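A look at the structure
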Amino acid sequence: MDTSSPAVFVNAEILKMYLGRRVRAVIQVIRNDAGVIVGQSTDGNQITVKGAQAFPPSHFVEVIGIADGSQSIRAEICTDFGQSFDMAAYNGLCQLANGKFKNLFL
Amino acid sequence: MRKSVTPGAISTLLSNSSPDSLSDIPEIIVQVVDLKPIGSSSTRFTFMASDGKMKLKAMLPTHFSSEINSGNLQNLGLIRILDYTCNSIPNQPEKALIVTKCEIVCPSLGMEIKSDVKKEETGITLKPKQEALGVTSKPKQEMVTKSAVQIVREQHGNAAPAARLAMTRRVHPLASLNPYQGNWTIKVRLTNKGNLRSYRNARGEGHVFNVELTDEDGTQIQATMFNEAATKFYPMFELGKVYYISKGSLRVANKQFKTVQNDYEMTLNENSVVEEAEGEAFVPETKYNFVRIDGLGAYVNGRELVDLIGIVQNVSSTLSIRRKSNNDTIPKRDITIADDSNKTVNVSLWNDLATDVGQQLLDMVDTSPVVAIKCLKVGDFQGVSLSTLSRSTVVINPELPETKKLRCWYDSEGKGTSMASIGSNLISPNSKPGSRSMHSDRVFLSQITDDPTLGQDKPAFFSINVYVSFIKPDQTMWYRACKTCNKKVTEAVGSGYWCESCQKNDDQCSLRYILVVKVSDPSGEAWLSVFNDPAEKIMGCSADELDRIKTEEGDEKYQLKLKEATWVPHLFRVSVAYTEYMNDRRQRITVRAEAPVDCAAESRYLLEEIHKLSVS
């Protein structure tokens, strides 16, 4: 198992802190443009995903990739989590994983 | 000349108890009253010498007895005293008049002479005379004083006892009582009487009961009596009667056990005085302390009772609820109340309130009546639910300012607005109804297993999130149950099964689960007793079905079924009780309800717990 560059759990806020690094985020699909997904992050802000295939709107998708902008991720892996997902719980996780318990994750 | 007594004759006689010579005696005429022989003698007579104001015990000379026997002198007659002595009688405060010589003035006046002059004056005027004569004998003075007391007593002696009591008793309003002032009397009505309970604690045994007292202003206070006082007063106190109470003690009320709105509570002991007020009945004005529907959340599952006023929107039909403890059926009716906080709440009326008042409300529900209810218990069924108790009172369209206000509000806006039930606000929107209780009192298994004192008097309830780790395949999984009442049946003589409670035989019975499972969570392990309903959820099939698999499909399939149930997470609501089992005390954990684990809710619960860790 390759643990050389773990993906950081992020939401739109925390994404800014990890530009150029490998991140993972769950977004709710708002719309699909050509090869680009526009979605809502777990803290309510917008995130753009480049290089990803289309997913049905209002589905929750996990994106693992490189953060290449304050609001965008260049996708490597995308997974459809379906239609029911607790955004608040994930957001809590992002905050804890990057705050108090950062050492447990990175 | 009409003969009459000499005014002040007695005082004259008393003042000069032993006149030296006959010439010292002024004209003294007294009336003879209460003339009677001494003992059975016919020669010695005693009487009261009266001058119209005062009386003096006297004795007639023996030689005079013939006059009485002949009728020349009778009772109520007049005599002129010519010679006399006043003697002190040993052991008596009064003096006695010994008449040594007298003459008849009038055989009988036919009536006793009395004068209206105030006797106190006589008393006053007498003293200077006595002092002047230098005869300051105590008995004399005492006699005078006694007269004054006697007068007061006589004056008031005719008054009825209650009136006399009322005059001497100052009634204090309940609101004025405090622990620092002991001399009070209150006039109260017994508005609630508790039961005489026996208890045992570290200090020994005892019994206690308490009552609720209300005075004319509507103020209420709780009074408690222990042991001797309890035995003494329990039969005296009757619901609805009015009593005068004094010599009780007051202390600050224990807010945990408060049932009435008063900062103080009263204790009565054997020295306390409780008197029934004859014929004095008052109906104390009912004091309400209304809580608005949107404020009920704070009272949920608390001990404090609330009062409610609102518009009746809906009345259900009467339901019969069966009580689990003794299988009694009790009538119940649910009504929906709305108030100007734009919220509704459900109130359950029980027993008489359901049948009588409930029916009244049903008949008039179209008029949207205002109803005021006192003493409601606040529960958490469906968020918030109100329930009546035996002491609750329901008044339809009461004469209160709130009634008018509610009427106005309802007619103008309330009728039209759709109002949400207050209960729905208090259930978190994401959890299913019922599963909310799955999250309350969450503990780890170790918290239950480490504490053997849990559930000693009453079972303690918790919720746990555990994995089923082991189900013994060769335990007795089920019992044979009656198809109607689910109670255990025994195999009857011949064929079929006999149900003891239904008192009937049945060819068929159903199998109901009764088993123990081992569960694990991060803190430890425990054995849980599980009954039919939660067991079906664990096993994934009914007991009948499992039995069928075992017998028809073989042991392997049966084991597989058990395996499938293992390492499945569940949320259980459990009760912990400490029971004696064959001289061995054991902690027994029983599953009351089961729910599947809701990951989203669990995540949120965990986030909260983590947050709590960082705060503390």
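The following paragraphs examine the structure supplied in this document. This is a predicted model, so every value here is computed, not measured.

**Some points on the overall build of chain A**
When you go through chain A residue by residue, the secondary structure sums to 3 helices and 6 strands. Along chain A, helices (α) and strands (β) appear in the sequence β-α-β-β-β-β-β-α-α when read from the amino end. Considering chain A as a whole, with its 106 residues, one finds that 43% of them fall into the buried category. Sequence separation of at least 24 residues holds for 53% of the intrachain contacts in chain A that already meet a minimum separation of 6.

**Some words on the nonpolar core**
The biggest cluster of nonpolar side chains holds 34 residues, and the ones touching the most others in it are Ile448(B), Ile464(B) and Phe572(B). Formed by 27 residues, the second largest nonpolar core is a distinct cluster that contains Val8(A), Ala12(A), Val29(A) and Ala75(A).

**Here's the deal with a nonpolar patch on the surface**
Residues and elements named next belong to chain A. Taken together, Leu104, Phe105 and Leu106 make up a surface patch of nonpolar side chains, about 290 Å² in accessible area. Within the secondary structure, phenylalanine 105 sits in helix 3 (residues 102-105). Of the residues examined, phenylalanine 105 reaches a relative accessible area of 37% and is grouped as partly exposed.

**Re helix 7 (residues 351-364) of chain B**
Residues and elements named next belong to chain B. Its 14 residues give helix 7 an end-to-end C-alpha distance of 20 Å, which sits within 8% of 20 Å, the value for a rise of 1.5 Å per residue. In the structure, helix 7 departs most strongly from a straight axis at glycine 358, where the bend amounts to approximately 35 degrees. For helix 7, the full list of buried residues reads Leu353, Ala354, Val357, Gly358 and Leu361.

**Some remarks on the side chain of Thr566(B)**
Residue position: Thr566(B) is located in the loop between helix 14 (555-565) and strand 28 (569-581). Sequence-distant contacts of Thr566(B), defined by excluding residues within four places in its chain, comprise Val468(B), Ser469(B) and Phe470(B).

**Quick word on the pattern of salt bridges**
All names here are of chain B. Within this structure, the stated rule accounts for 26 salt bridges over all chains. We note a salt bridge from lysine 374 to aspartate 307, for which the minimum N-O separation is 3.3 Å. With lysine 374 in strand 18 (residues 370-379) and aspartate 307 in strand 14 (residues 306-315), this pair connects stretches of sequence that are 67 residues apart. Of the two residues, lysine 374 and aspartate 307, neither departs from the other in class, the shared state being buried. Taking the shortest distance from any N to any O, the salt bridge between glutamate 553 and lysine 557 comes out at 3.7 Å. Each of Glu545, Arg548, Glu552, Glu553 and Lys557 takes part in one network of salt bridges that share partners.

**Considering the sheet that holds strand 1 (residues 29-37) of chain B**
All names here are of chain B. Judged by pairing direction, the barrel is mixed, and its 5 strands sit side by side in the order 1-2-3-5-4 before closing back on the first. Each neighbouring strand pair of the sheet contributes to a mean axis angle of 50 degrees, computed without reference to strand direction. Relative to strand 5 (residues 95-106), strand 4 (residues 77-88) runs antiparallel, the two being bridged by 10 bridges. Bridge pairing in strand 5 links cysteine 86 to leucine 97.

About the criteria used
- Residues numbered from 1 in each chain as written.
- Chains lettered and ligands numbered in written order.
- Predicted model: local features only at pLDDT ≥ 70, side-chain atom pairs only at ≥ 80, totals over all residues.
- Heavy atoms only, no water.
- Helix = DSSP H or I, 4+ residues; strand = E, 2+ residues; numbered from the N terminus.
- Buried < 20%, exposed > 50% of the residue type's maximum accessible area, 1.4 Å probe, protein only.
- Contact = heavy atoms within 4.5 Å.
- Core = buried A, V, L, I, M, F, W, Y, C linked by side-chain atoms within 4.5 Å.
- Patch = residues over 30% accessible without salt bridge, like charges linked within 9 Å, V, L, I, M, F, W, Y side chains within 5 Å.
- Areas by Shrake-Rupley, 256 points an atom, 1.4 Å probe, with all protein chains shown as cover.
- Salt bridge = Lys/Arg side-chain N within 4 Å of Asp/Glu carboxyl O.
- Expected span 1.5 Å × (residues − 1).
- Bend = angle between axes of the 7 residues up to and from the residue.
- Pairing = 2+ DSSP bridges.
- Axes fitted to C-alpha atoms, helices over the stretch in contact; angles between N-to-C directions.

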